[in-house]
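Per-entry structural report
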Amino acid sequence: MQMNRPRLIGGLVALLAFAAPALDGPAQAANDGEIVSFVGQSGVRRITMGVGKSIIVDLPSDAGEIFVGNPAIANAVVRSARKIYVIGQAPGQTTIYAMDKQGRRIATLELSVGRDIGQLQNIIRTALPSSQITARTVNDSIILTGQVDSAGDMQTALDIAKGFVDNMSKQGGTGGGMVVNAITIKGRDEVMIKVTIAEIQRNVAKQLGISSSTLTGNWGTFTQDNPFSINGGALSAGALNTVTKFGGGWSLAQTLTAFERNGVAHTLAEPTVTAVSGESAKFTVGGEVPISAGTTCTGSGTSSSCAASVTYKTYGVTLNFTPVVLASGRIALRLATEVSDIDPATSATISGTTVPGFRTRRHDTTVELPSGGSIATAGLIASASNQAINGVPGAMNLPVLGQLFRSRDYQRKETELMIVVTPYLVKANPASALGRPDENFADANDPQAWLLGRVNRLYSTTDNPEAARHFSGRVGFIHD
């Protein structure tokens with residue numbers, strides 16, 4: 001009986017290459033020292049094992065010859081006619097054939113040698129006892145398959161596998177492998193997030209100025225035009241003109257400009273968006289304002305033509321979030337909100353074109369909340385006060401009379417922003433359980449529109465909420 005000398009196994013493995021029609025069943029992950037038996041003649045077994053691990057192969061009949069396809073991959077040691085010791089030496093794949101004395105094939109081993117992932121499998125099983133994850137090797141990479149309860153469990157398994165790959169690469173001195181995620185999540189949860197954005201703004205502007213000029217004068221002409229440097233010009237529609245005459249044959253004309261403005265702005269937005277756990281969602285409500293992007297001219301001389309181009313700037317309320325449902329039922333939430341609007345006070349004129357300014361407030365955070373729990377970001381208070389006094393040097397500092405030679409421009413802005421975030425775990429509802437905004441809406445009839453000025457029918461009022469208890473047919477929508 002002729003026996004082969006021990007040989008090594010080497011090369012790269014492709015896990016999908018084992019799906020050949022001639023093989024029986026899926027590949028089996030073998031542990032160190034495991035006994036692999038063949039039942040019947042011409043059996044085929046697919047084995048996945050780690051580098052440095054060994055298995056014992058029991059043959060169905062006496063072997064006369066052992067053939068190793070790639071001697072750099074596996075070391076096949078023969079101790080008896082019916083027993084082979086196979087040792088994995090390097091990552092790769094090969095085939096081992098056992099032949100009897102008549103040259104007939106009695107056993108075939110399809111070997112896939114890669115990383116030893118037995119320890120990784122134990123770590124994942126200990127860290128995630130309720131999950132069903134199987135680790136397989138492909139060259140220096142690891143494929144994770146199976147099912148987990150949540151996206152958090154899947155991320156934990158990926159982190160463990162990546163740490164295992166990095167550690168094995170450092171020990172072996174080779175390049176880092178990959179971790180392929182083929183894990184599925186059982187019944188992925190959906191998260192609905194409700195964001196309340198409330199803001200109050202208060203603006204105060206005051207202007208008081210006197211411009212003077214001489215109507216007649218023996219010594220020359222005097223002109224005083226005090227600017228309003230903060231608000232960019234007189235905000236009043238008209239001015240009060242007074243004429244002051246002095247002795248000596250000359251007179252002084254004075255223009256009094258006075259203006260005061262108080263404004264309050266209230267912003268309230270409550271967007272609600274639903275997304276699958278682990279996926280991102282975006283919600284935007286607002287608009288776009290055109291902004292000049294320059295002028296493009298073609299041709300030359302009298303045949304040239306120019307066309308203005310514009311770009312669009314988005315403003316309004318924008319919500320971006322990515323929820324991840326953890327195993328404990330809590331929700332890890334990555335949230336980004338933005339509130340922007342047009343600010344005429346910061347507009348600029350460029351090449352004769354007025355470009356609007358924008359006021360933007362952004363809020364980025366990562367929090368962990370239970371379903372129905374809320375977190376508030378408050379205290380975003382901003383207060384700005386600007387004041388400028390312009391006038392004639394020296395004359396503007398005179399007591400009482402100095403007011404005739406100066407102008408005062410004052411501006412104050414105050415704002416407070418509050419953002420409240422509430423995530424919920426949600427499930428799909430039947431269509432019959434959802435209401436529409438136009439449900440039960442009915443237009444007012446002609447007499448109601450003519451005599452009462454109504455645009456829709458009312459089925460109850462504040463004074464008589466029971467008015468619609470015994471209605472029939474279509475009814476109104478708005479409660480007044």
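For the structure itself, look to the data block above.
Below or above, wherever it landed, is the structure these notes cover. Values in this document were obtained by computation on a predicted structure and should not be read as measured data. (Residues numbered from 1 in each chain as written. Predicted model: local features only at pLDDT ≥ 70, side-chain atom pairs only at ≥ 80, totals over all residues. Heavy atoms only, no water.)

Read from one edge of the open sheet, 3 strands run β10-β11-β12, paired in mixed fashion. For this open sheet the edge positions go to β10 (132-138) and β12 (179-185), each flanked by a neighbour on one side alone. This sheet shows a mean twist of 10° between the axes of neighbouring strands, independent of strand direction. Where strand β11 (residues 141-148) meets β12, 7 bridges bridge the pair, whose relative direction is parallel. Paired with T145 across the bridge in β12 is A182. (Pairing = 2+ DSSP bridges. Helix = DSSP H or I, 4+ residues; strand = E, 2+ residues; numbered from the N terminus. Axes fitted to C-alpha atoms, helices over the stretch in contact; angles between N-to-C directions.)

The 4 strands are arranged β2-β4-β7-β6 in an open sheet whose pairing can be described as mixed. Pairing within the sheet leaves two strands with one partner each, and these edge strands are β2 (34-37) and β6 (74-80). Direction aside, the axes of adjacent strands within the sheet are offset by 25° on average.

For the rest of this paragraph, the subject is the environment of H266. Along the polypeptide, H266 turns up in strand β16 (residues 251-269). Here H266 falls in the exposed class, since its relative accessible area comes to 57%. For the pair H266 and E199, spaced 67 residues apart in the sequence, the C-alpha separation amounts to 5.9 Å. Apart from residues no more than four positions distant in its own chain, H266 is found in contact with E199 and I200. (Buried < 20%, exposed > 50% of the residue type's maximum accessible area, 1.4 Å probe, protein only. Contact = heavy atoms within 4.5 Å.)

Here we take up the nonpolar core. Core analysis: the biggest nonpolar cluster contains 22 residues, and V57, L59, I66, V86 and I96 have the highest contact counts within it. Among the elements of the structure, β3 (43-50), β4 (54-58), β5 (65-68), β6, β7 (83-88), β8 (92-99) and β9 (105-114) are those that each provide at least two residues to this core. The element contributing the most residues to this core is β9, with 5 residues. The next biggest cluster of nonpolar side chains, apart from the first, holds 21 residues, and it includes I117, A135, L158 and I183. (Core = buried A, V, L, I, M, F, W, Y, C linked by side-chain atoms within 4.5 Å.)

Here we take up the pattern of salt bridges. A complete count under the given rule lists 10 salt bridges for this structure. For R82, the salt bridge is made with D62, and the minimal N-O distance between the two is 3.0 Å. Remark: D62 occurs in the loop between β4 and β5 and R82 occurs in the loop between β6 and β7; sequence separation between them is 20 residues. Given a relative accessible area of 42%, R82 falls into the partly exposed group. The exposure class assigned to D62 is partly exposed, which follows from its relative accessible area of 40%. Note that R359 is salt-bridged to D341, the shortest N-O span being 3.2 Å. (Salt bridge = Lys/Arg side-chain N within 4 Å of Asp/Glu carboxyl O.)

What follows deals with helix α1 (residues 118-127). For α1, the full list of buried residues reads L120, Q121 and I124. The arc that holds every buried residue of α1, seen down its axis, measures 100°, which confines them to one face. Those residues of α1 that are exposed and angled more than 90 degrees off the buried face are Q119 and T126. (Arc of directions from axis to C-beta.)

Glancing now at a nonpolar patch on the surface. A cluster of nonpolar side chains, L398, V400 and L401, forms an exposed patch at the surface whose accessible area comes to about 320 Å². Mapping L401 onto the fold places it in the loop between β22 (375-391) and β23 (406-426). (Patch = residues over 30% accessible without salt bridge, like charges linked within 9 Å, V, L, I, M, F, W, Y side chains within 5 Å. Areas by Shrake-Rupley, 256 points an atom, 1.4 Å probe, with all protein chains shown as cover.)

A separate point is the packing of aromatic side chains. Tallying each qualifying case throughout the model produces 1 aromatic pair. An angle of 25° between the planes, with centres 6.3 Å apart, marks the rings of F67 and Y97 as stacked. Linking F67 in strand β5 with Y97 in strand β8, this pair joins segments that are 30 residues apart in sequence. Taking relative accessible area as the criterion, F67 reaches 39% and is therefore assigned partly exposed. A cation over an aromatic ring shows up here: K313 above the ring of F358, its NZ or CZ 5.7 Å from the ring centre. (Phe/Tyr/Trp six-rings, centres within 6.5 Å; stacked < 30°, edge-to-face > 60°. Lys NZ or Arg CZ within 6 Å of the ring centre and 35° of its normal.)

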